[in-house]
Amino acid sequence: MNKEIVVLIGGPSSGKTTLIEALKIKGHTCYPEISREVIKEAQEQGIEQLFLENPLLFSELLLEGRKKQFLSAQNETASVVFLDRGIPDVLAYMNYIGDAYPAFFDQACKDHLYSKIFVLPPWKEIYISDAERYENYEQAVLIHEHLVETYEKYGYSIVDVPKDTVENRVDFILNRLAK
């Protein structure tokens, strides 16, 4: 059986988590975004915004978590596994803030290859800020651009998911995978 590990990418508040939840409801195997977990753990330790205060540590924690997700996804019995963000997201965010990162970040992107990448565009009408999301809409657009650029750097063909209802977006993704 050929395993497909499919990643949903996009800037903050573009609908990734909503689509992951909708795919789960339809019975698909899905892995959530892990950054909120890392952020909440840091906040419990008194660090309000770990990404802003120590971006390299935050990114290393994300990198390790996403590598674990990738390995877990490979071991799933399902033929298709959906991930809310992938390893190259870590590099895209580091590039966005202009910080350097160790060579093992780059190597992790080369060692953990995904089957298909779907990108959700910035969508001002659904954009919401919350306790874990410090970016404004304009920053979300820039992050989107860094994400696309980073995934393309690693040779991925990115499929643009149209702005539409959740159900239509899910159908779009599933129909593209069926082709």
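Residues numbered from 1 in each chain as written. Predicted model: local features only at pLDDT ≥ 70, side-chain atom pairs only at ≥ 80, totals over all residues. Heavy atoms only, no water.

Visitor: Quick rundown of the pairing of strand β1 (residues 4–10)? Include the residues and the values.
Guide: Most of β1 sits inside the fold, with six of its seven residues counted as buried. Examined bridge by bridge, β1 and strand β3 (residues 80–84) share five bridges and lie parallel to one another. Paired with Val7 across the strands is Leu83, a residue of β3. In the sheet, β1 pairs with strand β4 (residues 116–120) via five bridges, with the strands oriented parallel. Looking across to β4, one finds that Val6 is bridged to Lys116. (Buried < 20%, exposed > 50% of the residue type's maximum accessible area, 1.4 Å probe, protein only. Helix = DSSP H or I, 4+ residues; strand = E, 2+ residues; numbered from the N terminus. Pairing = 2+ DSSP bridges.)

Visitor: Which residues make up the side chain of Gln69, and what values do they have?
Guide: Within the secondary structure, Gln69 is located in helix α4 (residues 55–74). Assessed through its relative accessible area of 7%, Gln69 is described here as buried. In this structure, Gln69 is in contact with Tyr31, Pro32 and Ile34, ignoring residues within four places of it in sequence. (Contact = heavy atoms within 4.5 Å.)

Visitor: Provide a residue-level description of the packing of helix α1 (residues 16–25) against helix α8 (residues 166–178), including the pertinent values.
Guide: Look at α1 against α8: their axes get within 10 Å of each other, and the N-to-C directions meet at 75°. With respect to α8, the element α1 is oriented roughly perpendicular. Here α1 contributes Thr18, Leu19, Ala22 and Leu23 to the contact with α8, which in turn contributes Val166, Arg169, Val170, Ile173 and Leu174. Looking at the contact of α1 with α8, its residues break down into seven nonpolar, one polar and one charged. (Axes fitted to C-alpha atoms, helices over the stretch in contact; angles between N-to-C directions. Parallel < 35°, antiparallel > 145°, perpendicular 65-115°, else oblique. Nonpolar A, V, L, I, M, F, W, Y, C, P; charged D, E, K, R; others polar.)

Visitor: So what's going on with the environment of Leu50? Residues and values would help.
Guide: Position of Leu50 relative to the elements: it lies in helix α3 (residues 50–53). Spatially, the C-alpha atoms of Leu50 and Val38 are 8.4 Å apart, while their sequence positions differ by 12 residues.

Visitor: Which residues make up the packing of aromatic side chains, and what are the values?
Guide: Overall, the coordinates contain five aromatic pairs when judged by the stated rule. Through pairs of rings, three or more aromatic residues link up here, namely Phe70, Tyr114, Tyr151 and Tyr156. (Phe/Tyr/Trp six-rings, centres within 6.5 Å; stacked < 30°, edge-to-face > 60°.)

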